[in-house]
Amino acid sequence: MHHAVARLAEVCDEIVVVIAPDAPTPSLPVGPRIRVARDESEGQGPLAGMVAALRSVTTTFAIVAAGDMPELQPSVLLMMLRIVADGDAVALADGSDVRPLPCVVRVERAAEIAPALLASGRASVRALLDQLRVTAVDEPTWTALDARRRTLFDVDLPGDLA
């Protein structure tokens, strides 16, 4: 998580780290303005974490990323923030798909829609993006800033860091 937070700190004025309701507060990097939010209940999926974070965000837009994304590229994140100004969200194209994370969302709009999705059992970030006006950044555009595509890298197993 420290790597993801450090990368986000390069482009964000505030960072919200969401943890499980009863989890101990993690040690976090010193420096950026970081707050901890807690899921309302455990096991509801990534959208529940996003809802918890959106409740405490004070900005118009939020970059949403997972703690297991250690190589987020600040240049890609900044480009996404520039593009989102006219819409509800921005995400990165990956082949014929659009990846749900990282993404940038308009906080007010995402906070309106996400709780109803959770209540209906649709607890994924992708379900939220399906309800928003999303600009998908095509691969040639974002990979010009991240040729190795590390912004999409996530750690599933310790060996992934090798």
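To be clear, the structure that these remarks concern was listed above.
Cut-offs used in this document
- Residues numbered from 1 in each chain as written.
- Predicted model: local features only at pLDDT ≥ 70, side-chain atom pairs only at ≥ 80, totals over all residues.
- Heavy atoms only, no water.
- Pairing = 2+ DSSP bridges.
- Helix = DSSP H or I, 4+ residues; strand = E, 2+ residues; numbered from the N terminus.
- Axes fitted to C-alpha atoms, helices over the stretch in contact; angles between N-to-C directions.
- Buried < 20%, exposed > 50% of the residue type's maximum accessible area, 1.4 Å probe, protein only.
- Polar contact = N/O pair within 3.5 Å; in protein donor to acceptor, adjacent residues only side chain to side chain.
- Contact = heavy atoms within 4.5 Å.

A. Structural detail: the sheet that holds strand β6 (residues 134–137). The strand order across the open sheet formed by four strands is β3-β5-β4-β6, and the pairing between neighbours is mixed. Strand pairing shows two members of the sheet lacking a second neighbour, β3 (61–64) and β6, which therefore form its edges. Going from strand to strand, the sheet's axes swing by 30° on average, the running direction of each strand aside. Where strand β4 (residues 89–94) lies against β6, four bridges are found, and the strand directions are parallel.

B. Summary view of the side chain of E14. Take E14: it is sitting in the loop between α1 (2–9) and β1 (15–19). With a relative accessible area of 9%, E14 lands in the buried category. Among the polar contacts listed, one links the side chain of E14 to the side chain of R33, at a separation of 2.9 Å. At 3.0 Å, the side chain of E14 and the side chain of R35 are in polar contact. Dropping the residues within four chain positions of it, E14 is found in contact with R33, R35, S56, V57, T58 and T59.

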